[in-house]
There are 2 protein chains.
Amino acid sequence: MSGPRAPGFAFKVHATDGHARTGVLTTPHGDVPTPTFMPVGTQGSVKTLTPAEVAATGARIVLGNTYHLWLRPGAELVAELGGLHAFTRWPHAMLTDSGGFQAFSLAERRTLSDDGFVFRSHLDGSRRALTPEEAMRVQGLLGADIAMQLDVCPPGGSSRQEVEKAVRQTTRWAHRCLQSRREDQAVFGIVQGGTFADLRLAHADELGALPFDGLALGGFSVGEPIETMHEVLSQVAHKLDAERPRYLMGVGTPSDLVRAIGAGIDMFDCVLPTRNARNGQALLRTGRIVIKQARYRDDPRPLDPECDCPCCSEGYSRAYLRHLYLAGEILVLRLITAHNLHLYGKLVAEARSAISEGRYAEFAKRWLERAEPD
Amino acid sequence: MSGPRAPGFAFKVHATDGHARTGVLTTPHGDVPTPTFMPVGTQGSVKTLTPAEVAATGARIVLGNTYHLWLRPGAELVAELGGLHAFTRWPHAMLTDSGGFQAFSLAERRTLSDDGFVFRSHLDGSRRALTPEEAMRVQGLLGADIAMQLDVCPPGGSSRQEVEKAVRQTTRWAHRCLQSRREDQAVFGIVQGGTFADLRLAHADELGALPFDGLALGGFSVGEPIETMHEVLSQVAHKLDAERPRYLMGVGTPSDLVRAIGAGIDMFDCVLPTRNARNGQALLRTGRIVIKQARYRDDPRPLDPECDCPCCSEGYSRAYLRHLYLAGEILVLRLITAHNLHLYGKLVAEARSAISEGRYAEFAKRWLERAEPD
């Protein structure tokens, strides 16, 4: 079966253009126009910004990291304080991941069994067990609009046999997550399969048969060549059930988004715009500015004269931003973060218009021509 | 002679109540109601906040640190980019200090002579000479509305002889600063004298005879007991020329401001509200909240239910702020900084009203009763 199951949750495609689609994801915390980019609020904060500033970038859904919030401040505490929306004052839609990816990549002494992950917290060394049921229980306490199933994400370069094993485990956990879901929360399944398109397609069919509210592609951008990712995406994305939102996890650069939207993806999340901002890297349509570089020492121009973000429109010069960055001033991290998220917000907004107007191929071509090669 | 000299600069007292006064300081960048608190923008940024957020706390004048900006990014560069107002996008009034205090406290291998300070930059070890003329030249390049004379600020606990020597040197430099001033910039003299009220009064007369646009009290809050400072202030502040603004440098807590306004002070600056915020300390009328404390773990209340700052009015709970602080999230530094500066903004606004309405003593008594002892 297919189609949304959770109350207050719906997805409707309004227009398609090639494989690209534009539509609206309806959640208990409002509508999200798609394609959409979800800024990452790892620990209950999209780093450096207020909720109002995040929303001003056009974002109408953010991602929270279950692993981080589970360990600190604890999901029970968040629930006691009214859930992650009330706790963080974010009024729009929210999605939490399952915690599996961070349990895999951040935790210490991690072991994987049929039952889930057992690991030591990277914060205090405490022993934790992340089973499918626990992932759903913790996400239920956090109370986002959308929860993700627990999955096994094999590292880039894994053998076909390893990937097949991860796919099988992910499917078994998909059933267990759906059985232990909170009834009023949407749940997305996660299609694995690495760079093996046939495994991806088979897994998409398998999970598509389950009553998930959406389908994600996990296990991309884990070290494989970017061209390989796009090649597999072009074969797989448009084959995911057209009735449900398609979410490409952890991807990517602006150009990655442009290409993946063309392949049929509706939702993205990535730390790139926020993390790179804190490393002093501003993203432009035409490339990147590494603000600490000496070439900006006396540059009176804003980051991007075309941009209407709070950083570019308030007249902050590259020279001032460079000074703040070298002086260790927090303000510059805020300004570049807002700038970068505005670029992502603009990108998906322009993509939506282009799809509606049947000119997505032209939009994508123009974007990719202007962008510097990754 | 007395009275303001710089074009576009004026000071008018509208009401007095005991020694307390309220009035308006007019500058080329707008009017500043007094008493006023100047947030400190050390390196060209009131740490963590945008200019609009600083202005929203009620501040209409900020302080920039000449020492820091001279060393990085350099006063010539700031001038080339239009001066400190244009560089930092702060549209209201601005004052720069002389750089002497930081040359004294931060620099390496510092030597003091009749001609000024010679020291090594704490950033790159480069040799710098800060003479009265250089202090005025650098402040002229920065282009704030108000420049401060170079002074000698003896450490707390200095002998009468040492303080007398500093006073004499400061007077000599006062003349040299006035001779090398930028004509369109206001300049304030700095009265020294440590905790010796008679030296302070004599120095106030001496500098009051010079064509300074305002008079400051330097060398307080340098280690002396706080009661001693207030005792000396009560003897000295109201004796500074009543026609010119009186500025108490580097002070202090909210209660210090309340007492010093009662003694006749018009202007303050202090890093306390901003620095303490970054250490997780929120200031309330009734005391302080150290946000990392376990008692706030599940506290759903805002920092101060009485407060209308962006932190308290947006519903951020103490529990959330504590979580952000422990998790190292930048957002909490912004929120508490804004909260603390709002308290200072409110304090001086309420003091102005109380003075206008002839009830300053009552206002001060009520404030000091509610405040926790320092």
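Residues numbered from 1 in each chain as written. Chains lettered and ligands numbered in written order. Predicted model: local features only at pLDDT ≥ 70, side-chain atom pairs only at ≥ 80, totals over all residues. Heavy atoms only, no water.

**Student:** Any chance you could break down the sheet that holds strand β6 (residues 61-64) of chain B for me, citing the residues and the numbers?
**Tutor:** Residue and element names in this part refer to chain B. Strand order in this open sheet of nine strands is β4-β15-β14-β13-β12-β11-β7-β6-β5, and the pairing throughout is parallel. Of all the strands in the sheet, just β4 (36-38) and β5 (40-41) have a single pairing partner and so form its edges. Sheet topology note: the strand β7 (residues 93-96)/strand β11 (residues 146-148) ladder contains two bridges and is parallel. Among the inter-strand pairings, L95 is bridged to a residue of β11, identified as I146. (Pairing = 2+ DSSP bridges. Helix = DSSP H or I, 4+ residues; strand = E, 2+ residues; numbered from the N terminus.)

**Student:** A description of the packing of helix α14 (residues 330-356) of chain A against helix α15 (residues 360-370) of chain A should follow, citing residues and the corresponding values.
**Tutor:** Residue and element names in this part refer to chain A. Interaxial distance between α14 and α15 falls to 8 Å at its minimum, and their mutual angle equals 150°. Residues L343, L347, E350, A351, A354 and I355 of α14 form the contact with α15, whose own contacting residues are Y360, F363 and W367. A class-by-class count of the residues in the contact of α14 with α15 yields eight nonpolar, no polar and one charged. (Axes fitted to C-alpha atoms, helices over the stretch in contact; angles between N-to-C directions. Contact = heavy atoms within 4.5 Å. Nonpolar A, V, L, I, M, F, W, Y, C, P; charged D, E, K, R; others polar.)

**Student:** How would you explain the sheet that holds strand β8 (residues 108-113) of chain B if you had to name every residue and give the values?
**Tutor:** All names here are of chain B. Taken together, the three strands give an open sheet; going across it, the order is β8-β9-β10, and neighbouring strands pair in antiparallel fashion. A strand with exactly one partner marks an edge of an open sheet, and here the two such strands are β8 and β10 (127-130). The sheet shows a mean angle of 15° between the axes of neighbouring strands, direction not considered. With four bridges connecting them, strand β9 (residues 116-120) and β10 associate as antiparallel partners. Considered in β10, the bridge of V118 is made with A129.

**Student:** Can you tell me about the relation of the copies chain B and chain A, naming the residues and giving the values?
**Tutor:** Once chain B is rotated about the relating axis by 180° and shifted along it by 0.0 Å, it coincides with chain A to within an RMSD of 0.0 Å. Such values leave the two copies arranged in the relation of a two-fold axis. Nearest to the rotation axis, the C-alpha of I330 of chain B is located 3.9 Å from it, this being the minimum over chain B. Interface residue correspondence from chain B to chain A reaches 100%, placing this contact among same-surface, isologous pairings. (Least-squares fit on C-alpha atoms with pLDDT ≥ 70 in both.)

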